[in-house]
Amino acid sequence: MEFVPLDFLGDLRRTHSCGELRASDAGKRAILMGWVHRRRDLGGLVFIHLRDREGVTQLVFNESIDAELHKKVELLGSEYVIAVEGVVKARSAETINPSIPTGEVEVAAERLWILNESRTPPFPMEESIDVNEESRLKYRYVDLRRPHMQRNIILRSKVSFAVRQTMVERGFLEIETPFMTRSTPEGARDYLVPSRVNPGTFYALPQSPQIFKQLLMISGFDKYFQIVRCFRDEDLRADRQPEFTQIDIEMSFPQPEQIFEMVEPLVVAATKAAGYDLAMPFPRLTYAQAMRSYGSDKPDLRIPPFHCVEDLFPGAGLTPEGLPLVAIRIPKVGPITRSQSDLLRDFGKEKGLRVFGDMKRLDKDFPDAMVAVRARIGAQEDDLLMLAGWGGGAEGKAPEGHLPEYTVLQACGQLRLHTAQKYNDKHKLLDPLNFQFLWVLDFPMFEWDAEENRWNAAHHPFTSVYDEDLEKLTTDPAHCRSKAYDLVLNGTELASGSIRIHRRDIQSKVFSALGFSEEEAKKRFGFLLEALEYGAPPHGGIALGLDRLVALLAGETSIREVIPFPKTAKGTDLMCDAPSEVPEKNLRDLGISLRKK
């Protein structure tokens, strides 16, 4: 590499960002600082595109005006850090660049400071070039310079500010809760932190601030929020990271409606920060309605709901008695081939369904019923229409044990979504910028864990049960409804919350229904049970996934695209090589010894 003499910044101050200058600034002097984004050498003229997070400005170095300066600019390489002083000049009409906001001007350079050189970047800065994700994560500090990543991180900052502004305006206090607390294993695994001063004991990094925000309600801080980092040692997916950020909210004396009325303006403000406008209020469905119309507790409203039509085919044997026959409509797909229909039928079969895709046959065998089906579901001429029921319908028998209705509906929901995704590229059924928010209410209190042979909390064990379902905690847990609610966006659970249990006697009953002995409940949650005896007010709240929200607003499919320094799918940091081994001395100080597998 050629030796490049570097300059000191000294007392030099930049006057403008690289995205700021406009035609109205012509004639002004400007000092710009940033990275060499692109260089074009025309002999006596050298054009440099200088970039910072605000944009790009073109610099012009003219050999006929300053030969020494022109010689110095020859030393510049890609991603060198420089400062330039010069005069802003309007470009001629034929040289205007309409693709950038600063395209009407350029800076005629008079002085150049080379502040730092750069190795050749591992990949270009252009957005249009696809880069291996492993390289992007290893050189994340370079990847973050790329324009689309800069936009994502700036959007994240704007959304966070909009959240804070909205919450403070509504009288909420931002209060920090501990990162080092006790392990209360429930759901995902905790990340454990060994204590040096208390050998053999461990802190846990919080999976959420749930218990602490409830304690804050008991403490009299009746409106709390926090943009907080949480930690879960679980398998990763596109929308999961071992550490993630959530917008955590709690308030005292609320009805669920008050939670919704508080969250909706927050979401609208966050969405507005991304340049989109939403209408309020958001639609609402109970869990039962969502399952009956979409086969999912996080339905995607961009696709029409399906309808149960078994009543239109009495005695036809298309589905076992007592189980639903579902009509699914995917709009504007048009005719599909026999092989395409077979693929959809095979997908349904994998889910335990019998799929009827031959509408001509059904129209012939059940003409009146099919007219009624099309009227009920609102089918148009170019829509794809399917009927689906439980696969046992082929023999006219229900499966052993009479498969629950929701299992069939859930399978139909998967078929509905699969079909829409299959034809999305052609028909744009799932526009990522068509933001369809939805509240889902009245979730079941418990869900059955067949492997553990016990009931688990459907949300978490601090969720309040409906008052009229209290007796069912011990007599009929399968039909207990909880005061839980989720905010869903385009088929993704964006937020989850509930009205909490504020009485010790009810909390103890829920722990008992979950199979906790009194001793085990006291060991895990004794401090909370004790706190509930000191005038705990009715309270409730919600937690929104900030990473998920920003990813959806940015049109990204993975939250890694909106987190500055994410982990890989294996939970590793390729940039700083974490997790890593630590010296034996550090382990001895902690009283830890490693055992070989």
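This text follows the structure it describes.
Here is a short report on the structure shown in this document.

Reading guide: rules and limits
Residues numbered from 1 in each chain as written. Predicted model: local features only at pLDDT ≥ 70, side-chain atom pairs only at ≥ 80, totals over all residues. Heavy atoms only, no water. Axes fitted to C-alpha atoms, helices over the stretch in contact; angles between N-to-C directions. Helix = DSSP H or I, 4+ residues; strand = E, 2+ residues; numbered from the N terminus. Parallel < 35°, antiparallel > 145°, perpendicular 65-115°, else oblique. Left-handed = near helix turned anticlockwise from the far one by under 90°. Contact = heavy atoms within 4.5 Å. Nonpolar A, V, L, I, M, F, W, Y, C, P; charged D, E, K, R; others polar. Pairing = 2+ DSSP bridges. Buried < 20%, exposed > 50% of the residue type's maximum accessible area, 1.4 Å probe, protein only. Polar contact = N/O pair within 3.5 Å; in protein donor to acceptor, adjacent residues only side chain to side chain. Salt bridge = Lys/Arg side-chain N within 4 Å of Asp/Glu carboxyl O. Phe/Tyr/Trp six-rings, centres within 6.5 Å; stacked < 30°, edge-to-face > 60°. Lys NZ or Arg CZ within 6 Å of the ring centre and 35° of its normal.

## Points about the packing of helix α14 (residues 504–513) against helix α15 (residues 518–531)
No. 1: Their axes nearest at 11 Å, the elements α14 and α15 cross at an angle of 160 degrees. Comparing their axes, α15 and α14 come out roughly antiparallel. In this structure, α14 crosses over α15, and the sense of that crossing is right-handed. Residues Arg504, Gln507, Ser508 and Phe511 of α14 lie in contact with α15, whose contacting residues are Ala521, Phe525, Leu529 and Glu530.
No. 2: Split into classes, the residues belonging to the contact of α14 with α15 amount to 4 nonpolar, 2 polar and 2 charged.

## Things to note about the sheet that holds strand β3 (residues 55–62)
No. 1: In space, the 5 strands of this closed barrel follow the order β1-β2-β3-β5-β4, with mixed pairing throughout. In this sheet, neighbouring strand axes are inclined to one another by 55 degrees on average, regardless of whether the strands run parallel or antiparallel.

## Notes on the side chain of threonine 57
No. 1: Locating threonine 57 in the fold gives a position in strand β3.
No. 2: Judged by relative accessible area, threonine 57 falls into the buried class, the value being 0%.
No. 3: For threonine 57, the side chain forms a polar contact with the main-chain oxygen of cysteine 18, separated by 2.6 Å.
No. 4: The residues touching threonine 57, leaving out its near neighbours within four places in the chain, are Cys18, Gly19, Leu21, Leu32, Ile48, His49, Leu50, Thr102 and Val107.

## Some details on the sheet that holds strand β21 (residues 539–545)
No. 1: The 8 strands are arranged β6-β9-β10-β21-β20-β19-β16-β11 in an open sheet whose pairing can be described as mixed. Of all the strands in the sheet, just β6 (173–174) and β11 (284–286) have a single pairing partner and so form its edges.
No. 2: Of the pairings in the sheet, the one linking β11 to strand β16 (residues 437–441) comprises 3 bridges and is parallel in character. Across the sheet, residue leucine 285 finds its bridge partner in β16, namely valine 440.
No. 3: Across the face of the sheet, helix α4 (residues 147–169) comes into contact with β6, β9 (223–231) and β10 (243–252) while running at roughly 150 degrees to β9.

## So, the pattern of salt bridges
No. 1: Applying the stated rule across the entire model yields 47 salt bridges.
No. 2: The closest approach of N and O atoms between glutamate 126 and arginine 38, which form a salt bridge, is 2.9 Å. Of the two residues, glutamate 126 is situated in the loop between β5 (105–116) and α2 (133–138) and arginine 38 in strand β1 (residues 29–41); the sequence distance between them amounts to 88 residues.
No. 3: Note on glutamate 126: relative accessible area 24%, which makes it partly exposed.
No. 4: The partner of lysine 213 in a salt bridge is aspartate 248, and the shortest N-O contact between them spans 3.0 Å. Taken together, the positions of lysine 213 in helix α5 (residues 210–218) and aspartate 248 in strand β10 put the pair 35 residues apart, joining distant regions of the chain.

## Quick word on the packing of aromatic side chains
No. 1: In total, this model carries 17 aromatic pairs according to the counting rule given.
No. 2: When the centroid spacing of 6.4 Å and the interplanar angle of 80 degrees are considered together, the rings of tryptophan 439 and tyrosine 485 count as edge-to-face. Of this pair, tryptophan 439 sits in strand β16 while tyrosine 485 sits in strand β19 (residues 484–489); the two residues are 46 residues apart in sequence, bridging distant segments of the chain.
No. 3: Overall, the relative accessible area of 0% leaves tryptophan 439 in the buried class.
No. 4: Put simply, the rings of Phe462, Phe511, Phe516 and Phe525 pair up and form one aromatic cluster.
No. 5: Over the ring of phenylalanine 47 we find arginine 40, and its NZ or CZ is 4.6 Å from the ring centre.

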